Amino acid sequence: QVQLVQSGGGLVQAGGSLRLSCAASGGTFRPYAMGWFRQAPGKEREFVAGISRYGTIGKYADSVKGRVTISRDNAEKTVYLQMNSLKPEDTAVYYCAAERDGTVYSIPYMYDYWGQGTQVNVSS
């Protein structure tokens with residue numbers, strides 16, 4: 001069983017940057033693929049980025065490609081989402097997630113554990 005605790009987020013002006021963190025506890029972190037998703041009001045949860053168990057494969061949604069970087073530190077059991085050049089349309093609750101078989105999926109229901117969510121607001 002893995003618990004994911006998120007930190008970071010907040011309010012930033014358009015063009016600014018934020019870094020989200022997601023720390024895992026209660027299990028063995030390394031085998032899990034990790035993903036970041038977001039959900040805006042009235043919208044479905046959508047894939048933002050994912051990273052393979054050893055960090056060798058990163059996947060990104062087209063909407064964030066080139067502005068967002070996902071990384072992980074297996075020694076620290078933490079995954080990060082660095083977001084640059086933020087836009088108002090990036091405003092959402094962001095969630096990290098862990099996937100047990102190590103595959104980076106873009107579909108939320110394929111993930112087994114979820115963080116508590118953190119709000120990101122980007123003002124214009």
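A. Layout of the overall build of the chain. Helix and strand counts for the chain come out as zero helices and eleven strands. Listed N to C, the secondary structure of the chain is β-β-β-β-β-β-β-β-β-β-β in terms of helices and strands. Its C-alpha atoms give the chain a radius of gyration of 13 Å, within 12% of the compact-globule value 14 Å for 124 residues. When its C-alpha atoms are laid out on the principal axes, the chain stretches across 40 × 25 × 25 Å. The buried share of the chain, reckoned over its 124 residues, is 44%. Put simply, 59% of the contacts in the chain that link residues at least 6 apart link residues at least 24 apart. Surface accessibility of the chain: about 6,200 Å² in total, with carbon and sulfur atoms responsible for 47%. When the 13 positive and 10 negative side-chain charges of the chain are each reduced to one mean point, those points stand 3 Å apart.

B. Local environment of the environment of Glu89. Relative to the helices and strands, Glu89 is located in the loop between strand S8 (78-83) and strand S9 (92-99). Residue class for Glu89 comes out exposed when judged on its relative accessible area of 55%. As for Glu89 and Thr56, which are separated by 33 residues in sequence, their C-alpha atoms are 29 Å apart.

C. Spotlight on the environment of Val5. By the secondary structure assignment, Val5 is in strand S1 (residues 3-7). For the pair Val5 and Ala24, spaced 19 residues apart in sequence, the C-alpha separation works out to 6.5 Å. The residues contacting Val5, other than those within four sequence positions of it, are Ser21, Cys22, Ala23 and Gln116.

D. Layout of the pattern of salt bridges. In this structure the tally under the stated criterion is five salt bridges. Across the pair Arg67 and Asp90 runs a salt bridge, and its minimum N-O distance is 2.7 Å. Here Asp90 lies in the loop between S8 and S9 and Arg67 lies in the loop between strand S6 (58-60) and strand S7 (68-73), a separation of 23 residues in the sequence. Its relative accessible area of 11% is what places Arg67 among the buried residues. One salt-bridge network, held together by shared partners, links Arg38, Glu46, Arg67 and Asp90.

Calculation notes
Residues numbered from 1 in each chain as written. Predicted model: local features only at pLDDT ≥ 70, side-chain atom pairs only at ≥ 80, totals over all residues. Heavy atoms only, no water. Helix = DSSP H or I, 4+ residues; strand = E, 2+ residues; numbered from the N terminus. Rg over C-alpha atoms; globule rule 2.2 N^0.38 Å. Buried < 20%, exposed > 50% of the residue type's maximum accessible area, 1.4 Å probe, protein only. Contact = heavy atoms within 4.5 Å. Areas by Shrake-Rupley, 256 points an atom, 1.4 Å probe, with all protein chains shown as cover. Lys, Arg positive; Asp, Glu negative; His and termini not counted. Charge placed at Lys NZ, Arg CZ, Asp CG, Glu CD. Salt bridge = Lys/Arg side-chain N within 4 Å of Asp/Glu carboxyl O.

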